Structure formats: C-alpha cells, structure tokens
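Working through the structure, step by step
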Amino acid sequence: MKNKLKAILKYPAILLFFAFILLYSVADSMVNDRRESELENRKLAQKPAMTVKNLLAAKETEKFSYLYEQYINDQFLGRDGWISLKSRAESVLLKTENNGVLYGKDGTMYQKFFVLDTAAGGGTQLETNIENVRQFIARHPGLVKVMIVPSADMVVTDKLPLAAPFVDEAPWMAQMAQVFAGDAVFLDPTQTLRGHADEYLFYRTDHHWTTLGAYYAYLQYAGAAGRDAASAAGLVPTQVGDFLGTLYSKTKLYNAQADLLSYYPQLDGQMTIVQLLDKADRDAVQQAYEAGQMSEEAYAQVADRVVDLYETDKLSTRDKYAMFLYGNNGFSRIEGEGKGKVLVIKDSYANCFVPFLTADYAQIDVVDLRSLKGTTVDALIAENSYDDVLVLYNFQSFSSDTNLVLLNRGSGN
Amino acid sequence: MVFSSLLFIFRFLPIALAVYYLAPPRLKNLALFLISLFFYSWGEVRYFPVMAACILGNYLLALWLGRLQDRRRARRAVLVLVVVFNIGMLFFFKYSDFFISNLNALLGTSIPLLRLTLPLGISFYTFQTMSYTLDVYKGTVQPERNIIDLGAYVVMFPQLIAGPIVLYKDVAAQLKVKKGRYTLAGINEGIGLFILGLGKKVLLANNIGALWEDIKLLGYSSVSTPLAWLGLVAFTLQIYFDFSGYSTMAIGLGKMLGFNFPENFNLPYISRSITEFWRRWHMTLSGWFREYVYIPLGGNRRGLPRQIFNLFVVWTLTGFWHGANWNFLLWGFYYFVLLAVEKLFLYDKLQRGRVWPHLYALFFIVVGWGLFAVDSGMGDIAAFFSRLFWPQGGVSALYFARNYGVALLVGMLCSTPWPRRFYAWACKKSELLRILMLAAVLLVSVAYLVDSTYNPFIYFRF
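Structural notes, computed from the coordinates. (Residues numbered from 1 in each chain as written. Chains lettered and ligands numbered in written order. Predicted model: local features only at pLDDT ≥ 70, side-chain atom pairs only at ≥ 80, totals over all residues.)

Examining the overall build of chain B
Note the following rule: Helix numbering and strand numbering both begin at the N terminus, where a helix is a DSSP run of H or I of at least 4 residues and a strand a DSSP run of E of at least 2. We compute the radius of gyration over the C-alpha atoms and compare it with the globule rule, which gives 2.2 Å times the number of residues raised to the power 0.38. To assign burial, the other C-beta atoms lying within 10 Å of each residue's own C-beta are counted, with C-beta atoms placed from the backbone; 20 or more indicates buried, 12 or fewer indicates exposed, and intermediate counts indicate partly exposed.
Across its full length, chain B carries 18 helices and zero strands. In terms of overall dimensions, chain B is globule-like: its C-alpha atoms have a radius of gyration of 23 Å, near the 23 Å expected for 462 residues. Expressed as lengths along the three principal axes of its C-alpha atoms, the size of chain B is roughly 65 × 60 × 50 Å. Here chain B, with 462 residues, has 43% of them falling under the buried criterion.

Description of the sheet that holds strand β13 (residues 341-346) of chain A
All names here are of chain A. Counted only if it meets this: Strand pairing requires that DSSP identify at least two bridges connecting the strands. For helices, the fitted axis covers only the stretch in contact; all axes are lines through C-alpha atoms, and the angles between them, taken along N-to-C directions, range from 0 to 180 degrees. Working definition of a contact: two residues with C-beta atoms, positioned from the backbone, lying within 7 Å.
The strand order across the open sheet formed by eight strands is β7-β6-β15-β13-β14-β12-β10-β11, and the pairing between neighbours is mixed. Each edge of the sheet is formed by a strand with only one pairing partner; in this case those strands are β7 (184-187) and β11 (305-307). Going across the sheet, the axis of each strand differs from the next one's by a mean of 20 degrees, ignoring polarity. Here strand β6 (residues 144-149) runs beside strand β15 (residues 388-394); their pairing, made up of six bridges, is parallel. Within β15, the residue paired with Val 144 across the bridge is Val 389. Contacts from helix α8 (residues 170-180) reach β6 and β7, with the element oriented near 165 degrees to β7.

Let's talk about the sheet that holds strand β4 (residues 101-103) of chain A
All names here are of chain A. Read from one edge of the open sheet, three strands run β3-β4-β5, paired in antiparallel fashion. The sheet is open, and its two edges are formed by β3 (97-98) and β5 (109-111), each paired on a single side. Two elements, β3 and β4, share two bridges in a ladder whose sense is antiparallel. Following the sheet pairing, Asn 98 is matched in β4 by Val 101.

A few points about the interface of chain A and chain B
By convention, interface size is frequently given as the accessible area that disappears when the constituent parts associate. Quick note on the threshold: For this scheme, ten residues count as nonpolar: Ala, Val, Leu, Ile, Met, Phe, Trp, Tyr, Cys and Pro. Four count as charged, namely Asp, Glu, Lys and Arg, and the remainder, Gly too, count as polar.
On the side of chain B, 38 residues touch chain A, which itself brings 40 residues to the contact. It is helix α2 (residues 12-30) of chain A that contributes the most residues to the side of chain A that touches chain B, ten residues altogether. The class makeup of the residues in the side of chain A that touches chain B is 28 nonpolar, five polar and seven charged.

A few points about unusual backbone geometry
With the exception of glycine, most residues fall at negative phi, and the peptide bonds are largely trans. Residue and element names in this part refer to chain A. Even without glycine at this site, Asp 106 takes up a positive phi of about 55 degrees. Here Asp 106 shows up in the loop between β4 and β5. One non-glycine residue, Ser 385, lies in the positive phi region at around 40 degrees. You can see Ser 385 is positioned in the loop between α15 (377-384) and β15. Classification of Ser 385 by C-beta neighbours within 10 Å gives exposed; the count is 9.

Shown next, in the form of structure tokens:
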C-alpha cells in the first residue's frame with residue numbers, strides 16, 4: 001500500500017485530475033440548488049423526478065436524461081464564475097458575438113438578427129403578421145394606428161460591428177406603409193429616432209428602447225392622433241443606474257457597461273391588471289369567494305390587482321426594465337388624466353411608452369396578445385368604443401411573434 | 001451521454017472509474033460491461049434490446065463458426081448469416097426510410113416511412129462486432145466463450161458510439177489480463193489525451209463550427225462567394241476537431257482503463273495526395289473497409305480494371321456508411337474518382353512535387369466537405385456550389401472573418417504538426433509545464449461547457 005502511494009506520487013497529474021473531478025463532483029452535488037440565476041435573468045432547471053413517463057419518452061426534451069443533464073448544467077457549482085471565465089476566453093479570441101448577441105463599439109450590444117423567422121405554413125412570419133394586421137384594420141377602418149419600432153441596429157448605426165449583415169428593415173417598413181395605408185395610419189419612427197441618433201435612445205445591454213427613445217416616438221404618435229403631447233414637457237425623470245439588461249444576461253460579458261434607466265414618477269395612474277376577462281368567470285369567482293369556498297391565496301391569483309404603473313421593487317434587481325407596467329400582462333386598464341379612450345395592443349416595447357399616454361387619455365387599455373385570455377380584441381373594441389387603437393411592436397418581435405393571429409380571433413376569419 | 005459534458009466529467013467518469021479500479025481483478029470485465037451498458041442506455045433506454053441482440057447474436061454465431069471447424073460449406077452459410085444479421089440490423093435502422101422514400105419517388109407509391117430513431121453509435125458498433133465474427137470465420141481469432149468478456153468489448157464505453165473502430169483482436173489479449181491491466185504511466189498519459197481531446201472538441205470545433213451554422217441560417221443561396229469559401233473552411237476545421245477530438249478522448253479513456261486503441265487521425269490536412277489523406281483520416285474506418293471488403297474482393301491482385309472496380313465498391317459503401325442520403329453517396333463517389341485518378345497516373349507525379357501537392361490535396365478535401373456538409377438535398381448542393389465556383393455577391397464575408405478570424409487561425413495552426421511537437425517537448429521538458437497546460441485547457445473547456453449553446457457531435461448521426 002505504501003509502495004502504491006509512493007508510485008502514485010510520481011504522477012502528480014493523476015492525483016490532481018482525480019482529486020479535481022472527484023472533489024468537485026462531491027461538492028457540486030452537496031451544495032444547495034438555486035431557483036434562479038440573477039446573472040442570467042432566468043429560472044434554473046431543478047432536479048427532475050424520475051418517472052416511467054420521462055424514462056420512456058421519445059421526445060428529446062421530455063426525456064429524463066435530458067432533464068437531468070439540464071439540471072446538472074444549470075446547478076453546476078460556481079456557474080457564474082465559469083461563465084465569466086468563458087467570457088474572458090471569448091475576448092481573447094477577439095470574438096464580436098456570443099450567444100446571439102453582437103458586440104458593437106463603446107459597450108453597445110445588438111440582438112443578432114440576420115434572417116427573418118419562417119412561418120409554420122411557409123413564407124416568413126413577418127409576412128404572415130402583416131396579413132394578420134391587414135385583416136384586423138380592414139374590419140376597423142380609420143380607427144387603428146400601427147407603429148413598428150425599428151431595432152437598435154437600424155438607428156444606432158455608428159456603433160455597429162464591422163459589416164454585420166443585419167436584416168434591412170427599411171423595405172419592410174415601406175411595404176407596411178403601403179399595405180396599411182387605406183384603413184390605418186402607419187407610423188415608422190425610424191427617421192424620428194435617427195434625427196436624435198446621438199442621444200441615448202437604446203440601451204447598451206438591453207434589447208429595448210430607452211424612455212427617451214419612446215418619448216420621441218410618442219411625440220410622433222401624438223401628432224398623428226391629434227393629442228397635445230404636453231405630458232413629459234418640463235418634467236424631470238428619475239434615473240437609476242446599474243441596469244444590466246436582457247442582452248447582458250445572454251452574453252454575461254465580464255466587462256459590460258451598465259445602463260441608466262429613467263422613468264417619470266409624475267406620469268402615473270391607477271392600473272388594474274385584470275386576470276379574468278370573461279364575465280361569467282368573474283361572477284363565479286366572486287360568488288365562490290364570498291361564499292367562503294375559495295381561499296384568500298386562490299382568490300388573489302385570479303382577482304384583479306390594482307397597482308401603480310411602476311414596480312419599483314424591480315429597480316433593485318439587474319433587469320430593471322421589468323419595472324414598467326409590471327411586465328407583460330394579458331389585459332390592464334389604466335386611469336389617465338386626459339380625455340377619451342385608447343386601446344394599446346403591444347409587445348414589451350410599449351411598457352415604457354404607455355406612461356406618456358396617461359396625460360392624454362382618461363382610459364388606457366393595454367393588451368398583450370401573448371397572454372390575453374377570456375375575450376377577443378374585437379369584443380373589447382365593441383364594448384368600449386375607443387377613440388384610438390394603437391398597435392405598437394418592435395420590428396424584431398413583430399417579425400417573430402406567432403400570436404398576432406389572435407387579432408382576428410372571433411371575427412369569423 | 002457525450003464525453004464533452006459536465007454530466008460525463010463530473011458524474012459518470014468519477015463513479016465509473018472508481019467502480020472499475022476498485023473491482024476485484026476477475027470482476028473487472030463485468031464492471032466495465034455494466035457501467036458501459038448504463039452509459040449506452042442513458043440517453044435512450046429503448047435501444048438497449050438492439051445492443052443486447054447484437055452481442056448475443058454475434059456471440060452465438062461465432063461459437064457456431066468455431067464448432068464447424070473444417071466444414072467449409074456450412075461455414076460459408078453461417079458467414080452469410082453473420083453478414084445478413086449485422087448489416088440487416090444496420091440497414092433496418094439506418095437505411096429503411098431512404099429506400100422507401102426513393103422507391104416512393106420512383107414508382108409513385110406512398111409506402112409510409114418508418115421514422116425510426118437511429119440507435120446511438122449503431123454504425124460503429126455493428127462494424128466492430130462484425131469484425132469479431134468475421135475474424136472468427138477467417139480463423140485469425142478464437143471464438144470467445146465468456147459472453148461478459150465479449151460484451152465488455154462491444155459496449156466498452158470509450159469507443160462505443162463514435163469510434164475509433166476498435167477490432168476485437170486489438171483488445172482481446174488485454175481483456176484477458178485481469179491483474180495489472182493498467183499502469184500508472186498509462187493512466188497519466190490517458191488523462192493528458194482526454195483533456196487534449198476535450199479541448200479540440202470544445203474550444204476549437206464548437207468555436208469554429210458556429211460559422212457553418214450561420215451559413216445554413218442565412219441560406220446557401222444568399223451568401224457571397226468569399227463567405228461560401230470561408231464557411232467551408234470553417235466546416236473543414238470543425239469536422240476534423242470534432243471527430244478527432246472525440247477519438248482522442250476515447251483513446252485517452254481507453255488508456256485509463258488499460259486498453260490501447262488504434263490511432264484514428266494523423267494530421268490529415270498535411271497530406272500531399274488524396275490517397276495519403278485517407279491513410280490519415282478516420283484510419284480505423286478505412287482500415288476496416290480495406291480488411292473486410294477491399295482485400296476479400298481481391299484488392300489489387302486481380303489486375304487494374306478489377307482494382308478500380310474494387311475501389312468503386314469500397315468508396316460507394318464508405319460514402320453510404322456516413323449517412324442514408326444522396327449527398328453522402330456522391331461524396332463517396334467523388335473520392336472514388338480522385339483515388340482512381342491518383343492510382344492511374346497522378347500519384348507518382350504528386351510524390352515528386354513539393355508545394356503544389358499540398359494545395360491540390362487541400363483543395364479537393366475542402367470541396368469534398370462541401371458535398372458532405374450540405375445534406376439537405378441536391379438543390380441546396382447545386383445552390384451552394386454555384387456560390388463557390390461562380391463568383392457573385394451576397395452576404396459579405398467581412399463580418400464573419402472578423403468574428404471567427406482568430407479561432408480559424410488557431411484551428412489552422414492546430415492542423416499542423418507544430419502543437420503536437422510542442423506538447424511532446426513540454427512532456428519531456430517538465431511535468432509541471434505539462435500539468436499547467438492541461439489544467440488550463442481543462443478549466444477553460446469546463447467554462448465553455450457551463451455556458452454552451454452549441455455543442456453538437458457531427459459524427460453522432462452516423
């Protein structure tokens with residue numbers, strides 16, 4: 001035994017390697033699992049339970065082996081440190097791209113967007129969505145304004161990586177202007193934003209536009225809608241630093257430059273996040289709750305929530321953009337200080353845009369098609385007699401969103 | 001399970017090695033057999049019976065061959081059975097749908113496709129196992145009576161799913177050594193090889209390979225001519241580091257277990273002819289075809305026309321082995337033509353040149369990978385090749401050259417003999433230097449595995 005030990009000592013590589021994989025494995029399996037990663041801004045995989053179903057599953061992503069491997073990867077001891085090591089190695093290789101994000105100049109990051117998504121039935125999803133919107137506006141002629149916001153790579157062009165082959169959004173904007181012209185007003189804020197290109201219009205580490213970018217687009221919208229757009233003039237926004245957004249969460253670049261997020265606490269209103277839109281459902285829940293058949297927690301899950309426009313708790317996390325409108329809820333109703341009613345059908349780009357509307361409208365209804373349940377857009381329009389309807393999307397999400405077909409749900413198409 | 005995964009390195013490997021090293025000498029093969037079966041069944045339990053049938057079938061057939069001794073005709077009949085059994089299994093899982101869909105296209109029928117999932121590594125282990133039974137037929141190997149020993153050879157986890165194609169006779173003697181099978185020096189060397197292979201796969205192949213994925217995403221018909229070439233060069237490097245990295249890891253793991261697997265790659269891109277390339281690329285596969293197809297067909301001993309025909313057969317099969325698709329058949333035929341031309345007159349001339357044979361060989365190797373990489377139909381091959389050879393605009397290569405430039409240069413450098421010489425020098429010079437190098441490669445590789453979005457194994461499809 002002693003001889004054996006002596007012999008092994010002659011090969012330090014063996015000792016080191018086995019000690020490393022053995023001790024690290026033991027330590028890795030003993031450390032408690034994390035629920036989510038703040039660094040990556042996502043939930044981490046948890047230990048899967050072994051079942052007959054997932055052992056015999058045919059689909060790769062449903063197999064126990066797959067789930068277990070995801071779990072091992074996500075809960076790997078020192079995950080954040082390893083990620084930072086990779087990020088440094090990438091910069092040694094002078095890479096300008098990591099995990100679908102391009103590195104531009106001065107710490108500016110861009111979402112990789114080289115090709116348009118293909119639709120399930122062939123063609124591009126963008127063409128499908130243009131047709132979805134066309135059918136929608138044809139049913140409501142004169143009521144709708146469509147604003148498609150260009151991506152950062154179309155506006156902040158001086159910081160782009162060399163010769164990056166981004167999708168050219170301009171011809172598509174021109175096409176949409178033509179297709180939507182008859183029944184709606186199409187608003188393309190590209191020129192407006194380019195006019196302020198040296199200002200802080202898009203975040204460096206997040207795929208959204210800044211509140212300032214949204215403000216310039218709002219001025220354009222207000223002009224088209226005949227509103228006085230006096231809301232933010234003269235107001236001073238509150239600024240919060242240390243914002244590392246979604247693009248950062250993908251790249252986890254070790255030397256990323258944090259962003260500054262601003263918002264107007266003065267532009268606020270009472271917002272009701274409506275969980276159940278179907279009247280019969282609401283009545284049933286209310287009855288059950290009043291009869292004591294429903295727990296406080298269960299009721300809170302489905303009852304309306306009344307909140308402010310800003311979830312300031314989110315300002316202490318990395319992903320600060322989530323503070324606007326409490327994220328993406330299916331249907332919310334906001335009380336404003338202006339006149340008339342507006343319906344906004346939107347993606348997350350609208351979350352920092354909507355506060356500007358509070359000065360101009362008395363009621364702002366906000367629909368996110370991705371989680372709208374219990375009603376249809378047409379039904380909402382019929383019930384509420386809106387003065388304006390605004391479809392507001394970023395070009396990239398408009399070209400990949402598969403929910404726009406819901407615009408026409410219940411319309412007989 | 002893939003070698004280049006956290007699950008393998010930080011769960012499977014420590015446990016498997018502990019079980020193997022701690023097992024008493026006469027139970028080593030049983031231990032190896034069981035941990036390998038677990039390794040094989042991990043990703044897909046449902047193909048366990050296929051593996052079991054493969055082991056049992058060949059075990060029984062070989063025993064039968066052994067008992068038939070001198071009865072030539074009976075032995076021939078069993079030989080036919082051996083080939084039908086093994087090739088039949090491979091054919092059923094891998095090629096049924098290819099033939100059905102071509103039959104449908106040809107006759108206008110609509111026979112439904114079977115849509116079977118390819119059992120992991122079936123192309124490799126059917127060839128390995130068949131080599132054993134064929135050698136028993138030839139009389140060069142004695143039939144194995146212990147099914148555990150034979151099973152341990154077939155499912156031995158390092159070489160099971162992507163080669164090298166280890167012949168039974170390569171490891172048979174070692175399987176019978178119960179005590180002192182592995183040495184510390186061997187384990188030490190094996191660790192080094194495993195880490196270097198991991199680095200080849202994770203740091204080089206994955207880093208470079210993302211470029212070819214970009215080309216596929218952009219569409220073959222929208223890239224400019226320079227970008228098409230850049231992408232093809234990237235694929236050339238990716239497939240080499242991917243596959244040879246896997247083989248190196250396998251050889252290293254083999255050494256840790258006390259087995260010497262044959263080399264599978266020997267710097268293929270420094271070849272001066274296509275003939276030489278195939279002596280350096282996937283050597284165990286070309287060796288297999290040479291031993292079990294080319295030579296039984298008569299090799300070069302029956303005159304030139306027959307030799308050319310034999311080459312044709314071997315290369316059609318080699319192409320088809322790589323995948324049930326027309327482009328792989330085309331790729332095999334392409335190499336048949338090149339090798340035949342070299343055999344007929346070019347090889348002697350190549351031997352006399354200095355620089356141009358390198359350029360010639362590299363050009364045809366890279367173009368060959370074009371046929372290999374575009375596996376989505378003849379239309380796409382035509383589109384991509386027209387981009388390669390008919391200069392035209394499209395998505396510029398500039399961005400991609402900038403992004404992948406350093407990785408590509410490192411990849412090219414690592415295709416030359418220099419890194420290997422450097423490692424050999426470091427091993428001699430100081431153990432500390434070697435350990436530091438290996439530690440760096442291991443740690444950075446683990447970092448890439450933790451944050452990986454792209455970690456495929458090209459040869460897993462085969």
